[in-house]
Amino acid sequence: MASQLHVEVVAVEEKVWSGEAEMLVARTTEGELGVLPGHAPLLGQLAEPSQVRVKVSGGEEIAYDVAGGFLSITDQGVTVLAESAEQATPAAR
């Protein structure tokens, strides 16, 4: 099993983020979904509004507020194709 997951976050007009991650969490119309390396292929519709969280090495997490779109999981990685995607502002602690 691979230790990293290739992730691409794409909005209609641009690639927002691409890289290797340990995990991705997204909310679909069927519920919240955690994706680790080796996940079974899946195509899901993103819930609206939603947030996609990407956990990269070292424990850092990058979050994107997304509107509409789909999540595609293949053996090559995960693609989030959203109508719009903007980096979320970190929550105050």
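Look a little higher up for the structure.
In what follows, the accompanying structure is described. (Residues numbered from 1 in each chain as written. Predicted model: local features only at pLDDT ≥ 70, side-chain atom pairs only at ≥ 80, totals over all residues. Heavy atoms only, no water.)

1. Focus: the pairing of strand E8 (residues 77-87)
1) Next: Here strand E1 (residues 5-11) pairs with E8 via five bridges, running parallel. Among the inter-strand pairings, Val7 is bridged to a residue of E8, identified as Val78.
2) Next: Summarising the sheet, strand E7 (residues 61-74) and E8 pair through ten bridges and their orientation is antiparallel. Opposite Leu71, over in E8, you have Val80 as the bridge partner.
3) Next: Turn length for the E7-E8 hairpin, with the two strands adjacent in sequence and antiparallel, is two residues. (Pairing = 2+ DSSP bridges. Helix = DSSP H or I, 4+ residues; strand = E, 2+ residues; numbered from the N terminus.)

2. Considering the pairing of strand E6 (residues 50-55)
1) Next: Of the two faces of E6, only one is covered, namely that formed by Ser50, Val52 and Val54; the face formed by Gln51, Arg53 and Lys55 stays uncovered.
2) Next: Pairing of strand E3 (residues 23-28) with E6 involves four bridges; the strand directions are antiparallel. Across the sheet, residue Val25 finds its bridge partner in E6, namely Arg53.
3) Next: As judged from the six bridges shared by E6 and E7, these two strands associate in the antiparallel manner. Its bridge partner lying in E7, Gln51 is registered against Asp65.
4) Next: Hairpin connection between E6 and E7: a loop of five residues separates the two successive antiparallel strands, and Gly58 in this loop has a positive phi of roughly 85°. (Buried < 20%, exposed > 50% of the residue type's maximum accessible area, 1.4 Å probe, protein only.)

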